[in-house]
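Coordinate inspection notes
Take a look at the letters that make up each chain.
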Amino acid sequence: MSSSGGAVRSAAARARLATRLLAVLSCVLTAEAQLTGVLDDCLCDIESIDDFNTFKIFPKIQKLQERDYFRYYKVNLKRPCPFWADDGHCSIKDCHVEPCPESKVPVGIKAGSSNKYSKAANNSEELEDCEQANKLGAVNSTLSNQSKEAFIDWARYDDSQDHFCELDDERSPDAQYVDLLLNPERYTGYKGPSAWRVWNSIYEENCFKPRSVYRPLNPLAPSRGGDDGESFYTWLEGLCLEKRVFYKLISGLHASINLHLCANYLLEETWGKPRWGPNVKEFTRRFDPIETKGEGPRRLKNLYFLYLIELRALSKVAPYFERSVVDLYTGNGHEDAESKALLLDIFRDTKSFRMHFDEKSMFAGDKKGAKSLKEEFRLHFKNISRIMDCVGCDKCRLWGKLQTQGLGTALKILFSEKEIQSLPENSPSKGFQLTRQEIVALVNAFGRLSTSIKELQNFKVLLQQTR
């Protein structure tokens, strides 16, 4: 057979693959038979999310992430893995994270308390002594005693049992500021046993799943006899809502991260000028229904579900930021005012969405049982946040920690509705408070989900072009 004949066959094979993939994506991205347009465990259709994200949320959340308050994230990438011996950090150059020099970090962010959203909470020049600084979180000593008590209450609340994540100690000498815009999430080449162990531990040990039920984590995972994974979904459907939601959140986060890697892939590196962009082949490997044994469409559904959860959290936390006491303080008054105005604009959009997930349907049984289940839910997720310190690639660890913390903050918000509704207008919060670290993680994590859904639309276009 001639080489031209082989080329024709190859082109025809690519066309068939593209047609098959496009059909699958169309099923996920439109209200058609396989998904019937509505996500499980909520009353929202996928098309509505696509339109809402594309025309309202995505452009604004992109601009917000570029603001100084949200672009600098303090993180400790040197914390040891608490679960197994460290297998060494990735030596691939794209795994490297470039910390931000202190001189580049806005003075209002790097000075004073971790509760950096107002000028009063950051002015540490008049503290009486170091003991008071530690006790009050570096609060201006000119504040009234009532305000000081409120700040102490913040600290007590931060140490309470309402956190879904284990937060980095920002005072640790190993904690460094990272400019997220200069360290974008993208494919680094980090894979193999180390990466596999992280996700396997998350799914197998923290998703309320007995080891006897096989879950097809990855198309490259060793199979278990003739089980194609359907027994897992049969088992999952029999679980209570809360445990189903937990799995979908983790699966959605995993899908979102995989989409980022596919969309920002190293396509070519010539003369030191790398070219990054979407990799359709990699997308196919991770989401095609045949190559993933039917997992791909399910993963994408869970991405949409996760988006709804974090969208709901943003709409719920709006009253916290609408108060005059919240400045998003960086030291630049004009910048801070613009950042807050943009954030409040996004909150208005989130409130306008008409098909929110109803979090009141969760933990709604008898009080004792619901409290016990919520605590189990919280501890499982907190454990996953600790597993992020086992990721060997620094850049993957950075974005894994940030997105996990963002989701944990969203969960904290959803289950603190009463505390948020009773916030005082002109004084520090009692009963509910967010640190700057949590605020930055919340916004950037949702920004990543918004980007994932936008990239999914881009892949649909790319697949159409190859037909």
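Residues numbered from 1 in each chain as written. Predicted model: local features only at pLDDT ≥ 70, side-chain atom pairs only at ≥ 80, totals over all residues. Heavy atoms only, no water.

A word on the overall build of the protein chain
Each helix and strand counted, the protein chain has 16 helices and four strands in total. Buried positions account for 55% of the 467 residues belonging to the protein chain. Total accessible area on the protein chain stands at roughly 20,900 Å², and carbon and sulfur atoms take up 51% of it. (Helix = DSSP H or I, 4+ residues; strand = E, 2+ residues; numbered from the N terminus. Buried < 20%, exposed > 50% of the residue type's maximum accessible area, 1.4 Å probe, protein only. Areas by Shrake-Rupley, 256 points an atom, 1.4 Å probe, with all protein chains shown as cover.)

Quick notes on the UniProt feature "active site" (unreviewed entry) in the protein chain
Following the UniProt record, one finds the feature "active site" (unreviewed entry) at C393 and C396. Within the element layout of this structure, C393 appears in the loop between α13 (367–387) and α14 (394–414). Mapped onto the elements of the fold, C396 is located in helix α14. Discounting residues that sit within four places of it in the chain, C396 has contacts with T188, Y190 and V391. (UniProt positions renumbered as here; feature names shortened; annotations may be inferred. Contact = heavy atoms within 4.5 Å.)

Here's the deal with the nonpolar core
Grouped together as the largest cluster of nonpolar side chains are 112 residues, with contacts concentrated most on I49, L249, I250, Y307, V317, F321 and L398. At 15 residues, the largest contribution of residues to this core is made by helix α11 (residues 295–322). Aside from chain neighbours lying at most four places away, what touches L249 is F305, L306, I309, F377, L407 and L411. Core analysis: the second largest hydrophobic core is formed by five residues, Y72, C100, I109 and Y177 among them. (Core = buried A, V, L, I, M, F, W, Y, C linked by side-chain atoms within 4.5 Å.)

So, the packing of aromatic side chains
Following the criterion strictly, the structure yields 19 aromatic pairs and no others. When the centroid spacing of 6.0 Å and the interplanar angle of 35° are considered together, the rings of F164 and F415 count as tilted. Within this pair, whereas F164 is found in the loop between α6 (145–158) and β2 (175–179), its partner F415 is found in the loop between α14 and α15 (417–421), the two being separated by 251 residues in sequence. F415 sits in the buried class, given a relative accessible area of 17%. Residues Y320 and F432 carry aromatic rings whose centres are separated by 5.4 Å and whose planes lie at 85° to one another, so their mutual orientation is edge-to-face. Residue Y320 is located in helix α11, and its partner F432 is located in the loop between α15 and α16 (436–465); the two are separated by 112 residues in the primary sequence. Side by side, Y320 and F432 carry an identical accessibility label, which is buried. Counting every residue linked through ring pairs, the aromatic cluster contains F164, F208, F246, F363, F377, F381 and F415. The side chain of R323 reaches across the aromatic face of Y320, ending 4.8 Å from its centre. (Phe/Tyr/Trp six-rings, centres within 6.5 Å; stacked < 30°, edge-to-face > 60°. Lys NZ or Arg CZ within 6 Å of the ring centre and 35° of its normal.)

A closer look at the side chain of S452
Along the chain, S452 falls in helix α16. Accessibility expressed as a relative area gives 0% for S452, which makes it buried. A distance of 2.6 Å separates polar atoms of two side chains, one belonging to S452 and the other to S256. If near-sequence neighbours (up to four positions away) are discounted, S452 is found in contact with S256, L259, H260 and L303. (Polar contact = N/O pair within 3.5 Å; in protein donor to acceptor, adjacent residues only side chain to side chain.)

Observations concerning the UniProt feature "binding site: FAD" (unreviewed entry) in the protein chain
Per the UniProt entry, the sites bearing "binding site: FAD" (unreviewed entry) are R186, T188, W199, S251, H254 and R286 in this numbering. When you line up the elements, T188 lands in the loop between β2 and α7 (193–206). Discounting residues that sit within four places of it in the chain, T188 has contacts with I92, D94, C95, C393, K395 and C396. Its location among the elements puts W199 in helix α7.

Description of the packing of helix α2 (residues 46–65) against α16
At a closest axis distance of 9 Å, the pairing of α2 and α16 adopts a crossing angle of 130°. Looking at the two axes, α2 sits oblique to α16. In this structure, α2 meets α16 at a crossing whose hand is left-handed. Only V443, N444, F446, G447, S450, T451, I453, K454 and Q457 of α16 make contact with α2, whose side of the interface consists of I49, D50, N53, T54, I57, F58, I61, Q62, L64 and Q65. Class assignment of the residues belonging to the contact of α2 with α16 gives a composition of eight nonpolar, nine polar and two charged. (Axes fitted to C-alpha atoms, helices over the stretch in contact; angles between N-to-C directions. Parallel < 35°, antiparallel > 145°, perpendicular 65-115°, else oblique. Left-handed = near helix turned anticlockwise from the far one by under 90°. Nonpolar A, V, L, I, M, F, W, Y, C, P; charged D, E, K, R; others polar.)

Concerning the pairing of strand β3 (residues 265–270)
Where β3 meets strand β4 (residues 273–277), five bridges bridge the pair, whose relative direction is antiparallel. Within β4, the position partnered with T270 by the bridge is K273. Hairpin connection of β3 to β4: two residues between the antiparallel strands, including W271 at a positive phi of 55°. (Pairing = 2+ DSSP bridges.)

Some words on the pattern of salt bridges
In the structure shown here, the tally under the stated rule is 24 salt bridges. One salt bridge connects E417 with K316, and the closest N-O pair in it is separated by 2.6 Å. With E417 in helix α15 and K316 in helix α11, this residue pair connects regions lying 101 residues apart in the sequence. What you see here is one network of salt bridges that share partners, running through R79, E166, D168, R386, D389 and K401. (Salt bridge = Lys/Arg side-chain N within 4 Å of Asp/Glu carboxyl O.)

Looking at the confidence of the model for the protein chain
For the protein chain, per-residue confidence averages 80 on the pLDDT scale, and residues scoring 70 or more make up 76% of the total. Low confidence marks residues 26–36, where pLDDT is under 50. Its contacts with residues over four positions away, or in another chain, come to 25 contacts. (pLDDT = per-residue confidence, 0-100.)

Examining unusual backbone geometry
A positive phi angle, close to 55°, is found at L328, a residue other than glycine. Relative to the helices and strands, L328 is located in the loop between α11 and α12 (333–352).

Some remarks on the state of the cysteines
Summed over all chains, the structure comprises one disulfide. Through a disulfide, C81 is tied to C390; the S-S separation comes to 2.0 Å. Residues C81 and C390 are joined through a disulfide that is right-handed, its torsion about the S-S bond being 75°. A residue pair is termed long-range when its members are at least 10 positions apart, and C81 in the loop between β1 (72–76) and α4 (107–110) and C390 in the loop between α13 and α14 qualify at 309 residues. The class for C81 is buried, based on a relative accessible area of 15%. (Disulfide = S-S within 2.5 Å.)

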